[in-house]
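The residues making up each chain are set out below.
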Amino acid sequence: MLAGFRSLVRKATSLFGSDESQQLPLEIPRDDHSFSRKNISPNALKVLYRLHEAGFDAYLVGGCIRDHLIGIEPKDFDVVTNATPEEAHALFSNSRLIGRRFKLVHVTYGREIIEVSTFRANSAAQAEDTDKRQSLKGKDTARSSHGIILRDNVYGSIEEDAERRDFTFNALYYNIADFSINDYCGGLEDIDKRQIRIIGDPRQRYQEDPVRMLRAVRFAAKLNFDIEANTAAPIKEMAHLLDHIPPARLFEEVLKLLGSGYGVKTFQLLREYGLFKYLFPDTDALLNSGWQRKDITPDAFILQGLSNTDTRIQGGKSTAPYFLYAILMWPSVALRHEEFSKQGLPELPALHQAATMVLDNQVASTAIPRRFSTPMREIWDLQFRLPKRYGKRAFTLLHHPRFRAAFDFLLIREQSGTDLGGLGTWWTEFQEAPDNQQRDLVNQADGRKNEASKPKRRRPRRRKSNAKRPSDSQES
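Residues numbered from 1 in each chain as written. Predicted model: local features only at pLDDT ≥ 70, side-chain atom pairs only at ≥ 80, totals over all residues. Heavy atoms only, no water.

Caption draft 1: Expanded view of the overall build of the chain. Looking only at helices and strands, the chain has 23 helices and 12 strands in total. Taken across its 476 residues, the chain has 46% of its residues classed as buried. A sequence separation of at least 24 residues applies to 67% of the contacts in the chain between residues at least 6 apart. Here the chain has roughly 25000 Å² of accessible surface; of this, 46% comes from carbon and sulfur atoms. (Helix = DSSP H or I, 4+ residues; strand = E, 2+ residues; numbered from the N terminus. Buried < 20%, exposed > 50% of the residue type's maximum accessible area, 1.4 Å probe, protein only. Contact = heavy atoms within 4.5 Å. Areas by Shrake-Rupley, 256 points an atom, 1.4 Å probe, with all protein chains shown as cover.)

Caption draft 2: Representation of the layout of surface pockets. Each pocket or cavity is described by its volume, and for the second largest pocket that value is around 360 Å³. Lining the second largest pocket are 18 residues, and of these Arg 312, Thr 319, Phe 323, Arg 404 and Asp 408 lie nearest its centre. Contributions of two or more residues to the lining of the second largest pocket are made by α15 (298-314), α16 (321-342) and α20 (403-415). Of the residues in the lining of the second largest pocket, the class split is 7 nonpolar, 7 polar and 4 charged. (1 Å grid on protein atoms, 1.4 Å probe; cavity = no way out; pocket = protein on both sides within 12 Å on 5 of 7 lines; lining within 4 Å. Points joined across faces, edges and corners; volume = space filled by probe spheres on them. Nonpolar A, V, L, I, M, F, W, Y, C, P; charged D, E, K, R; others polar.)

Caption draft 3: Here's a closer look at helix α4 (residues 63-70). Along α4, 7 of the 8 residues are buried, which leaves the element largely enclosed by surrounding structure. Within the sequence span of α4, burial applies to Cys 64, Ile 65, Arg 66, Asp 67, His 68, Leu 69 and Ile 70. Gly 71 sits one or two residues past α4 and shows a positive phi near 110°.

Caption draft 4: Quick peek at the packing of helix α21 (residues 423-432) against helix α22 (residues 435-445). Interaxial distance between α21 and α22 falls to 9 Å at its minimum, and their mutual angle equals 155°. One element, α21, and the other, α22, form an angle in the roughly antiparallel class. The interaxial crossing formed by α21 with α22 has left-handed handedness. Across the interface between the two elements, Trp 426, Glu 429, Phe 430 and Gln 431 of α21 pack against Gln 438, Leu 441, Val 442 and Ala 445 of α22. Its residues assigned to classes, the contact of α21 with α22 comprises 5 nonpolar, 2 polar and 1 charged. (Axes fitted to C-alpha atoms, helices over the stretch in contact; angles between N-to-C directions. Parallel < 35°, antiparallel > 145°, perpendicular 65-115°, else oblique. Left-handed = near helix turned anticlockwise from the far one by under 90°.)

Caption draft 5: Fine view of the pairing of strand β5 (residues 104-109). Across the 6 residues of β5, 5 count as buried, placing the element largely inside the fold. Direction of pairing for strand β4 (residues 95-98) relative to β5: antiparallel, over a ladder of 4 bridges. Paired with Ser 95 across the two strands is Val 107, which belongs to β5. Hairpin connection, β5 to strand β6 (residues 112-118): the antiparallel pair is bridged by 2 residues, and Gly 110 has positive phi, about 65°. (Pairing = 2+ DSSP bridges.)

Caption draft 6: Quick look at the nonpolar core. Within the largest apolar cluster, 105 residues are counted, with the highest numbers of intra-cluster contacts made by Leu 51, Leu 60, Leu 275 and Trp 380. For this core, the element with the highest residue contribution is α16, accounting for 13 residues. Each residue touching Leu 275, except ones within four places of it in the same chain, is listed here: Met 213, Leu 214, Val 217, Ile 235, Ala 239, Leu 242 and Leu 270. Of all hydrophobic cores here, the second largest spans 15 residues; its members include Leu 386, Leu 397, Ala 406 and Leu 410. (Core = buried A, V, L, I, M, F, W, Y, C linked by side-chain atoms within 4.5 Å.)

Caption draft 7: Focus on unusual backbone geometry. One non-glycine residue, Phe 179, lies in positive phi territory at about 65°. In this structure, Phe 179 sits in the loop between β9 (172-175) and β10 (181-183). Notably, Asn 224 is not glycine yet its phi reads approximately 60°, a positive angle. Mapped onto the fold, Asn 224 is located in the loop between α9 (211-223) and β12 (226-227). We classify Asn 224 as exposed; its relative accessible area is 55%.

Caption draft 8: Local environment of the packing of α16 against α20. At their nearest, the axes of α16 and α20 sit 11 Å apart, and the two run at 35° to each other. Every pair of crossing elements has a handedness; the one defined by α16 and α20 is right-handed. For the pair formed by α16 and α20, the contact residues are Tyr 322, Phe 323, Ala 326, Ile 327 and Trp 330 on the first element and Ala 405, Asp 408, Phe 409, Ile 412 and Arg 413 on the second. In terms of residue class, the contact of α16 with α20 is made up of 8 nonpolar, no polar and 2 charged.

Caption draft 9: Quick look at the sheet that holds β9. Taken in spatial order, the 8 strands make up an open sheet running β1-β10-β9-β2-β3-β6-β5-β4, and their pairing is mixed. Two strands in the sheet have a free side with no partner beyond their single neighbour: β1 (26-28) and β4. Across the sheet, the mean angle separating the axes of adjacent strands is 30° when strand polarity is ignored. With 4 bridges joining them, strand β2 (residues 58-61) and strand β3 (residues 78-81) adopt antiparallel strand pairing. The residue bridging Ala 58 from the neighbouring strand is Thr 81, located in β3. With respect to the sheet, α4 is in contact with β2, β9 and β10, its orientation differing from that of β2 by roughly 55°.

Caption draft 10: Representation of the pattern of salt bridges. All told, the structure shown has 22 salt bridges when counted by the stated rule. For Asp 190, the salt bridge is made with Arg 197, and the minimal N-O distance between the two is 2.9 Å. Exposure remark for Asp 190: the relative accessible area of 2% places this residue in the buried category. Here Arg 212 ties to Glu 208 by a salt bridge, and the two come within 3.0 Å at their closest N and O atoms. Exposure class is identical for Arg 212 and Glu 208. Each is buried. It is possible to trace a salt-bridge network through shared partners that takes in Arg 164, Arg 205, Glu 208 and Arg 212. (Salt bridge = Lys/Arg side-chain N within 4 Å of Asp/Glu carboxyl O.)

Caption draft 11: Just α22, in detail. Within α22 the residues assigned to the buried category are Gln 438, Leu 441 and Val 442. In a view along the axis of α22, the buried residues occupy a sector of 100°, so they form one face of it. Counted as exposed and oriented over 90 degrees from the buried face of α22: Asn 436 and Gln 444. Against the buried residues of α22 lie α19 (393-398) and α21. (Arc of directions from axis to C-beta.)

These values are about where atoms sit, not about what they do.
So, in C-alpha cells, the structure goes:
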C-alpha cells in the first residue's frame, strides 16, 4: 500500500514546479489514486450524492482518506459542503442540528452517524477576546480570555476550510463530483514522511484549541508517526492550557486517547510531553514520587492494565470506560487507603473514604459521570472481598454484576507483580468447576475450617481456691 502511495505522491508533485505556492493545492485525478467508492460507507455516499444533486459541493474529508492511504480500514466518514447547516438539515429528514461551538448536522442511519459540516472561514482568528461571563448569544465567532475558540460558525471556501483543519493529513478532500483527491496543505507528503505536522503556527493553533496537543499524541500512537519538530516544540510549555478545557470534554478525549487500542504508547507519550498531569494530576504526582509498596508498583500496574485493554480492543472486543478509569486511579486509591488505615479506620471504611477523595479530586480535571464512578467503586471494593471465600460468600460474589470486571482487575494486579497467594488461579478454577468441586474449593480456601480441623490444645483445668470469699454485706 505505502509503495503505491509513494508513487502517487511523486506523480502528483511532479505536475508542479518547485515553488511551494505552485505545488499546492494538489489535485489527484481518479486514475492516479486507489481511494474509490468501494472504500466508502454506503450511507456516506447517500449523503454526498444528495448534496451534490441539490447543487452543493460535497467532499469526504480527513481521517477516512488518510487511513485508506496508510493502509488502515476507514471507519468514520465525515462530509464537508458549502451548504449551510440549516440547508443541509433541510435535505435530510433523518438529520438533526447539533453543537453551539461548531454547528454541525448529524445524519443518522441506524447506528451509523454521518457528520456534515460547512466550510469554515479563517475569520475566527480576528475574533475579539470574550470573557466567559459575557453572553455568546447571537455571536458567530468568539474566544475566551485565554484565546480558546468558544464559537466558530463563520463560513467560507474550501481553501479557508483546509487552513482551519488541525493537521495536514486531515486536510485531504475527496470530491464526489469527479472522484479526485485534493491536498491543500501538503498532507500527502507528510503521510509519505510518516510525520504529524500542524497547519499554521503551532502556538496559535494550540492556543485556539489546546485539545490539538492531545490529538497530536493520539495520532502519533495510533499511526506510529513522529510529531514534526516545530509541531512538538511548544507542547510542554503550553500543556497548562488544558486546565481551561471543560472537564466533560477531557473525559471524552481520555477515552479516545487510551481506549482505542494504543493505550500503552499513548500513555508513554502523554507522560513524555507533560500532558498526563493535566488529565490525571493525582496519578501523575504519585508516579513522579516513586511511591510503591509490596502489593503494588503503580507504573507496572497501569502499563499492564493498558496492555490488557489494548489486546482486547485490537482483538475486536470492547472495554468499559469505567474499567479504564478504575485502572488509572487505583494506585491513588491504594495510597489514600493506606493513609486512612494508619489513622485507625477499618479496611472497608478506609477504602470508601479513599475512593471518595480520589474521585472528588479527579472530577476537577476530567468529569466522571455517576454511571461510571459507581462501577469503579464496586471494582475497587471487590478487591477486598474476593479474598474472603468462606461459606456462601464465593457463590454470592460470583453472581455480583461487577464480578467479571473485578476478576479481570485482580488478574492485572497479579500480572503486574502483586503476590496474592494464587487468588487469581483459585477464582479461575472456581468459575470453571462443577457444583460439587466448587464446594471442595471453598472448603480448601476456608481458613476457619482449616483451623477447626487441627487438634485443639487443651487448657489446664483451673483449681478451686479454699479461701473464703469476702462478704458483700456492709457489716464485714
